[in-house]
Amino acid sequence: MRDSRWFRWLTTGWGDRAFRIYFVAYLLYVLFPLAVLVLYAFHSTEYQTWPMKGLTLQWFRELLDDSKLLLALKNSILIGLATMFFSTLIGGGLAYGLVRYTFRGKAFLETLNILCIITYGVVSAVSVLLWFRMLGIHGGIWPTIVGHTTFIMPFAVMVIRDRLLNFDREIEEAAMDLGASRLRTFWDVTLPLIMPSVMAAGLFCFTISLGEFLLGFFLIGNKVTLPVYIYSLMRFTFTPAINAAAVLIIFFPTLALIVIAIFFRREVESLY
Amino acid sequence: MTHQEKEGRTETMEEGTKKLPLWRERLSEQAIPLLVVFPASLMLILFFLAPMFVALHFSLLSNVPFFDITPYYTLENYVRVLIEPIYRNAFIRTGIYAIIATVISLLVSYPVAYYLSRKTKRGGLFLLILLIPFWTSIILRVFSWKIILGSSGILNYYLKWIGLIDTPITFLYTSTGVIFGLVYTYTPYMILPLYATLGKVPNELIEASLDQGANRLQTLVRITFPLTRSGTISAVILVLLASFGDVLSAQLLGGANNLVISTVIFETFMAGSNWTVGSALSVIVFSALLVLAAIFARMGKEAEYA
Amino acid sequence: MTSRTIVFTITAATVCLLLLGILLPSGQVAAQSKELNIWTWGVYGPDFATKSFEQKYGIKVNCTFYHGNEELWSKMQAGHQDVDIIQPSNHLIQRFARAGLLAPIDVSKMPNYAGLMESFKNATYNVVDGKLYSVPYTFGIMGVGYRSDLVKETPNSWGVLWDKKYEKKLAFSRNPIDACFAVGKYLGMDISKLDEDTDAKLALIKEKMREQNPLLLKRVESLQEMRNLLAAGDIWLTSADDGMIHKMMLQDQPMKFFVPKEGAAAWIDQFCIVADGPNKEAAYRWIDHMLSPEIASQMIQKMGYMVVNAKVVSALPPEMAKLMTYTDEETKRLVPYPTLKSETQEKMTKAYHDVRGQ
């Protein structure tokens with residue numbers, strides 16, 4: 001009896017198991033609000049009380065009638081792609097320069113970079129608004145892209161820098177000894193090696209840009225980004241159309257992630 | 001390409017083998033980093049640093065110079081911020097919320113990060129799963145806590161059903177709600193760096209410690225904690241400062257008496273001509289963040305060299 | 001395929017999308033004459049109005065909402081080159097007009113203007129240098145609304161909003177100038193004279209508002225939220241527009257509204273055409289559309305706010321007419337929102353923020 005497998009399962013490994021249980025609990029805690037959001041998208045009344053009164057699809061209909069949501073989505077995706085592109089490019093450059101070289105002002109740049117991340121908030125957003133307003137730049141898509149890139153780029157720097165620091169320079173040096181120019185070395189040797197983190201940085205930047213609220217709110221002017229639109233829905237609409245929007249917003253990225261996981265399994269695995 | 005072919009091409013590759021004139025080599029040493037780093041520095045200086053000075057400029061004006069009233073330079077905005085109790089109180093309150101939220105966040109995140117980095121082979125994958133909700137707007141997720149925590153919401157319903165309470169507990173529009181929202185928003189920001197830094201603790205050290213007879217807890221305290229101290233401090237700084245600047249939790253889950261400084265700044269730009277006071281507050285908050293960051297950076301450096 | 005190939009494909013696709021996505025909208029500049037951009041109060045952009053307008057004229061209507069004149073002012077400060085119509089209240093028209101934000105209005109372009117009640121046509125608050133800068137739309141009183149089933153008394157004073165009995169069940173206006181007027185009235189001031197002794201009077205107003213701070217539940221984001229909180233019983237009493245409360249009453253909600261004995265102020269919301277707005281033609285058509293009897297009567301029925309159209313007002317269904325008629329006594333207590341100096345309005349906004357912060 002004492003040697004049976006289930007007995008052993010019952011009495012040992014609690015240390016590890018506790019961790020696993022805790023992690024699952026945490027995961028549920030993170031995902032629970034999403035489930036609630038989705039659930040209430042089908043609630044038949046406006047008032048979000050529990051238990052639910054009934055099911056309906058009317059909020060989806062209301063939402064699809066509202067073309068502003070699709071516009072907001074389109075704007076957010078455009079801004080996200082642009083931010084991803086510029087942040088990774090510019091940030092990657094900064095990371096490379098900071099890691100591989102020493103030059104005057106390096107410490108200054110590093111400090112600036114970190115400060116940019118940690119002081120991000122209302123303060124940064126309104127300061128940029130004031131600056132743009134003073135320059136006579138009105139709100140719109142491109143000012144938002146500039147704002148997003150400035151504050152999201154440091155994340156790309158962080159990710160790429162981490163990777164750059166952690167691999168052997170010897171490979172690069174070997175390539176250069178063999179006669180490759182700096183540029184060639186970078187292209188054929190360094191870049192493939194840091195590619196996973198470049199992709200991760202890109203994805204990271206895109207994601208942050210999609211969900212970014214403050215800069216978008218102040219810089220977008222007459223147009224809308226998705227978080228700004230949701231905020232306005234929350235203030236002025238107060239119907240489960242918001243939840244319906246949430247369902248759509250949750251559904252598509254999850255689908256995208258599943259697609260990535262299936263078709264790009266190899267690249268994903270190389271990430272960790 | 002085979003080695004031979006590569007060797008054959010060496011003659012055509014100038015920079016690697018042929019000796020370049022000194023000025024050209026030095027130029028390329030100096031030029032490349034500056035070139036590569038230039039766009040980023042331009043962006044940071046132009047759109048991060050410069051705006052701070054613009055905020056300073058506006059904070060010293062009496063009115064916004066856009067329409068009808070001509071402004072003059074004055075310190076009255078700072079005087080108002082110092083005199084009127086609401087600003088002081090909001091500032092202190094924000095600090096308290098941030099500290100509490102960070103502590104709770106640390107307690108919640110550490111085991112998760114520990115599990116992901118040490119106790120499972122697929123930590124990276126699980127981390128990605130954890131980050132999926134990031135794709136959905138944080139606004140929505142905090143908003144849904146309104147449904148869960150409301151007086152007629154899910155939590156209260158089951159508490160009543162179990163019989164624990166008779167009248168619903170008010171979670172929303174209180175400081176509890178705000179802190180809850182902060183913890184929820186920022187634990188992922190805590191988990192990521194903790195995960196990274198915990199991953200750097202070499203397995204051999206842990207095993208050696210266990211071999212020497214220390215139990216798991218002692219290993220944790222004596223080995224893991226000290227080794228991850230600087231990483232933890234960075235994570236704590238990040239979350240502390242981020243909670244300080246958070247707007248959404250207080251707006252959605254907080255009440256009239258849970259005013260945080262970020263809401264105040266946000267509101268001054270939303271409603272009317274108080275952009276000057278908002279700028280003054282921004283300058284003060286930014287300076288405070290700078291000071292805090294400097295203090296923690298110093299602590300982090302000391303921890304690293306310990 | 002190598003990861004490099006993937007990345008470059010994605011980059012190429014991104015760049016193409018960007019060029020298409022961001023350059024294409026510039027092709028929409030020509031389409032702008034087919035679009036109308038409106039900034040308005042949260043409750044003023046209803047579907048019945050926009051849909052019928054779009055059908056009638058083929059012009060798309062984009063509504064962006066705000067809550068409060070101060071928020072509108074802030075939005076204008078942040079940039080106003082894309083908006084055609086805004087809706088400030090009467091006491092701000094002078095300020096907006098003198099700041100060069102508004103275009104003068106030619107009423108001959110709006111046939112429905114003739115249908116307005118006479119008293120609204122010959123106002124002074126919207127005339128600058130002989131030119132008319134706004135057209136009235138709705139009007140109402142800011143008084144007190146409450147849940148008649150939850151509040152066991154019949155209050156008649158502003159003071160009920162300072163009653164500790166109702167701690168955390170109260171809400172108050174979050175628009176600085178509206179709030180200052182209300183408190184000023186509570187304190188017995190003549191709010192049309194706030195230009196004189198402003199600082200002293202504002203100090204008193206601030207003191208009174210500070211007393212109220214611990215009693216408030218939360219800052220209310222919009223009229224919709226206020227309705228929701230009242231319906232859910234999270235707040236019991238609040239300063240409110242009469243129209244909103246009347247609407248809830250017509251929906252069989254247990255609400256009551258009163259004009260406080262100390263007096264209250266009445267506002268008139270306006271239509272204004274923005275000076276550098278892109279589509280003035282459409283703007284005129286929209287205002288005319290909204291002033292038409294059909295839309296105006298739907299407005300009253302659906303939103304509960306009184307409109308300025310004479311025919312509609314006289315054709316109100318009886319239960320509505322009963323609710324919306326005030327006794328002579330009540331009417332005596334009302335004053336219109338006064339147009340004050342810009343400096344005074346700035347001071348009021350700042351005073352409010354110094355007390356409430358949000």
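Residues numbered from 1 in each chain as written. Chains lettered and ligands numbered in written order. Predicted model: local features only at pLDDT ≥ 70, side-chain atom pairs only at ≥ 80, totals over all residues. Heavy atoms only, no water.

**Topic: the overall build of chain A**
Next up, step 1: Of regular secondary structure, chain A possesses 13 helices and 0 strands.
Next up, step 2: Counting helices and strands in the order they occur from the N terminus, chain A gives α-α-α-α-α-α-α-α-α-α-α-α-α.
Next up, step 3: Taken across its 272 residues, chain A has 53% of its residues classed as buried.
Next up, step 4: Once local pairs closer than 6 in sequence are excluded, the contacts in chain A between residues at least 24 apart make up 71%. (Helix = DSSP H or I, 4+ residues; strand = E, 2+ residues; numbered from the N terminus. Buried < 20%, exposed > 50% of the residue type's maximum accessible area, 1.4 Å probe, protein only. Contact = heavy atoms within 4.5 Å.)

**Some remarks on the overall build of chain C**
Next up, step 1: On a plain count of helices and strands, chain C comes out with 15 helices and 12 strands.
Next up, step 2: C-alpha atoms of chain C, sized along the principal axes, occupy 75 × 55 × 45 Å.
Next up, step 3: Every one of the 358 residues in chain C was classed for burial, and the buried ones make up 60%.
Next up, step 4: Across chain C, contacts joining residues at least 24 apart in sequence account for 76% of those joining residues at least 6 apart.
Next up, step 5: As displayed, chain C offers around 13,800 Å² of accessible surface, 56% of which is attributable to carbon and sulfur atoms.
Next up, step 6: The positive charge centre, built from 41 side chains, and the negative charge centre, built from 41, are 2 Å apart in chain C. (Areas by Shrake-Rupley, 256 points an atom, 1.4 Å probe, with all protein chains shown as cover. Lys, Arg positive; Asp, Glu negative; His and termini not counted. Charge placed at Lys NZ, Arg CZ, Asp CG, Glu CD.)

**A closer look at the nonpolar core**
Next up, step 1: Formed by 278 residues in total, the largest nonpolar core has its most connected members in Ile86(C) and Trp286(C).
Next up, step 2: A per-element tally of this core places helix α5 (residues 85-118) of chain B first, with 13 residues.
Next up, step 3: Among residues more than four places away in sequence, those in contact with Ile86(C) are Trp39(C), Leu72(C), Met76(C), Phe96(C), Leu102(C), Gln270(C), Phe271(C), Cys272(C) and Val274(C).
Next up, step 4: In this structure, Ile79(A), Ile145(A), Ile220(A) and Leu18(C) belong to the second largest nonpolar core, which totals 6 residues. (Core = buried A, V, L, I, M, F, W, Y, C linked by side-chain atoms within 4.5 Å.)

**Considering a negative patch on the surface**
Next up, step 1: Taken together, Glu46(A), Glu62(A), Asp65(A) and Asp47(C) make up a surface patch of like negative charges.
Next up, step 2: Within the secondary structure layout, Glu62(A) lies in helix α3 (residues 58-65).
Next up, step 3: Given the relative accessible area of 31%, Glu62(A) is considered partly exposed. (Patch = residues over 30% accessible without salt bridge, like charges linked within 9 Å, V, L, I, M, F, W, Y side chains within 5 Å. Salt bridge = Lys/Arg side-chain N within 4 Å of Asp/Glu carboxyl O.)

**Some remarks on the side chain of Glu71(C)**
Next up, step 1: Mapping Glu71(C) onto the fold places it in helix α3 (residues 69-78).
Next up, step 2: At a separation of 2.9 Å, a polar atom in the side chain of Glu71(C) contacts the side chain of Arg235(A).
Next up, step 3: Sequence-distant contacts of Glu71(C), defined by excluding residues within four places in its chain, comprise Arg235(A), Met270(B), Ala271(B), Gly272(B), Tyr66(C) and Arg174(C). (Polar contact = N/O pair within 3.5 Å; in protein donor to acceptor, adjacent residues only side chain to side chain.)

**Regarding the interface of chain B and chain C**
Next up, step 1: Contact residues are listed per partner, giving 33 residues for chain B and 36 residues for chain C.
Next up, step 2: When chain B packs against chain C, the two sides together hide about 2,800 Å² of surface, and 49% of this comes from carbon and sulfur.
Next up, step 3: Taken together, the connections running from chain B to chain C amount to 5 salt bridges.
Next up, step 4: Between Glu84(B) and Lys206(C) there is a salt bridge, and its shortest N-O distance comes to 2.7 Å.
Next up, step 5: Contributing elements (two or more residues each) for the side of chain B that touches chain C: α4 (76-83), α5, α14 (261-270) and α15 (275-305) of chain B.
Next up, step 6: The leading source of residues in the side of chain B that touches chain C is α14(B), at 6 residues. (Buried area = accessible area lost by both parts, 1.4 Å probe.)

**Quick word on the interface of chain A and chain B**
Next up, step 1: In this assembly, 85 residues from chain A lie in contact with 86 residues from chain B.
Next up, step 2: Joining chain A to chain B, the criterion identifies 0 salt bridges.
Next up, step 3: One can count 6 residue pairs in polar contact (both at pLDDT 80 or more) joining chain A with chain B.
Next up, step 4: Broken down by element, the residue count for the side of chain A that touches chain B peaks at 16 residues, all from helix α2 (residues 14-40) of chain A.
Next up, step 5: Taken together, the residues of the side of chain A that touches chain B sort by class into 62 nonpolar, 17 polar and 6 charged. (Nonpolar A, V, L, I, M, F, W, Y, C, P; charged D, E, K, R; others polar.)

**Considering the pairing of strand β2 (residues 60-66) of chain C**
All names here are of chain C.
Next up, step 1: Most of β2 is tucked away, with 5 of its 7 residues classed as buried.
Next up, step 2: Here strand β1 (residues 35-41) runs beside β2; their pairing, made up of 7 bridges, is parallel. The residue of β2 that forms the bridge with Leu36 is Val61. (Pairing = 2+ DSSP bridges.)

**Examining helix α7 (residues 198-212) of chain C**
Because an α-helix packs 3.6 residues into every turn, residues spaced three or four apart end up facing the same way.
All names here are of chain C.
Next up, step 1: Between its terminal C-alpha atoms α7 stretches 21 Å, which fits the 21 Å expected from 15 residues at 1.5 Å a residue.
Next up, step 2: Residues Thr198, Lys201, Leu202, Ile205, Lys206, Lys208, Met209 and Gln212 constitute the buried set of α7. Buried residues of α7 fall within an arc of 165 degrees about the axis and therefore sit on the same side. Pointing more than 90 degrees away from the buried face of α7 are the exposed residues Asp199 and Leu204.
Next up, step 3: Lining the buried residues of α7 we find α6 (176-186) and α15 (342-356). (Expected span 1.5 Å × (residues − 1). Arc of directions from axis to C-beta.)

**Details of the packing of aromatic side chains**
Centre-to-centre distance and the angle between the planes together describe a pair of aromatic rings.
Next up, step 1: Under the defined criterion, the tally for this structure stands at 46 aromatic pairs over all chains.
Next up, step 2: Judged by centre distance (5.3 Å) and plane angle (25 degrees), the ring pair of Phe19(A) and Tyr114(B) falls under stacked. A residue pair is termed interchain when its members come from two chains, as with Phe19(A) in helix α2 and Tyr114(B) in helix α5.
Next up, step 3: For Phe19(A), a relative accessible area of 22% corresponds to the partly exposed category.
Next up, step 4: Of the aromatic side chains, those joined through ring pairs into one cluster are Phe213(A), Phe217(A), Phe218(A), Tyr231(A), Phe266(B), Phe269(B) and Trp275(B).
Next up, step 5: Against the face of Trp73(C) rests Arg95(C), its NZ or CZ located 4.2 Å from the ring centre. (Phe/Tyr/Trp six-rings, centres within 6.5 Å; stacked < 30°, edge-to-face > 60°. Lys NZ or Arg CZ within 6 Å of the ring centre and 35° of its normal.)

**Observations regarding α2(A)**
All names here are of chain A.
Next up, step 1: Between its terminal C-alpha atoms α2 stretches 37 Å, which fits the 39 Å expected from 27 residues at 1.5 Å a residue.
Next up, step 2: Approximately 35 degrees is the largest bend angle found in α2, and it occurs at Leu31, with the proline Pro33 only one to four residues beyond.
Next up, step 3: Regarding α2, the residues found buried are Arg17, Phe23, Tyr26, Leu27, Val30, Pro33, Leu34, Val36, Leu37 and Tyr40. (Bend = angle between axes of the 7 residues up to and from the residue.)

**Side note on the state of the cysteines**
All names here are of chain C.
Next up, step 1: Throughout the structure, instances matching the rule amount to 0 disulfides over all chains.
Next up, step 2: No disulfide involves Cys63; its nearest neighbouring cysteine sulfur is the one of Cys272, lying 16 Å away.
Next up, step 3: Residue class for Cys63 comes out buried when judged on its relative accessible area of 13%. (Disulfide = S-S within 2.5 Å.)

**Some words on the domain arrangement of chain A**
A common measure of how large an interface is: the accessible area buried when the components associate.
All names here are of chain A.
Next up, step 1: Domain assignment breaks chain A into domain 1 (5-40) and domain 2 (66-269).
Next up, step 2: Domain 1 and domain 2 are separated by 32 Å when their C-alpha centres are compared.
Next up, step 3: Between domain 1 and domain 2, the residue contacts involve 4 residues of the former and 5 residues of the latter.
Next up, step 4: Both sides together, the interface formed by domain 1 and domain 2 hides about 400 Å², and carbon and sulfur atoms give 76% of it.
Next up, step 5: Broken down residue by residue, the surface that domain 1 buries against domain 2 is led by Leu37, Val38 and Tyr40, which jointly contribute 84%.
Next up, step 6: Linking domain 1 with domain 2 are 0 salt bridges. (Domains from an automatic or database assignment.)

**Description of a nonpolar patch on the surface**
Residues and elements named next belong to chain B.
Next up, step 1: Among the surface-exposed residues, Tyr157, Tyr158, Trp161, Ile162 and Leu164 lie close enough to one another that they form a single nonpolar patch of about 600 Å² accessible area.
Next up, step 2: Relative to the assigned elements, Ile162 resides in helix α8 (residues 154-162).
Next up, step 3: On the accessibility criterion, Ile162 (60% relative accessible area) is exposed.

**Comments concerning the packing of helix α2 (residues 47-57) of chain C against helix α10 (residues 280-291) of chain C**
Residues and elements named next belong to chain C.
Next up, step 1: Running from N to C, α2 and α10 cross one another at 125 degrees; their axes reach a closest spacing of 11 Å. Put simply, α2 runs oblique to α10. For the pair α2 and α10, the crossing hand works out as right-handed. Each of Ala49, Thr50, Ser52, Phe53, Lys56 and Tyr57 in α2 lies in contact with α10, whose residues at this interface are Ala282, Arg285, Trp286, His289 and Met290.
Next up, step 2: Looking at the contact of α2 with α10, its residues break down into 6 nonpolar, 3 polar and 2 charged. (Axes fitted to C-alpha atoms, helices over the stretch in contact; angles between N-to-C directions. Parallel < 35°, antiparallel > 145°, perpendicular 65-115°, else oblique. Left-handed = near helix turned anticlockwise from the far one by under 90°.)

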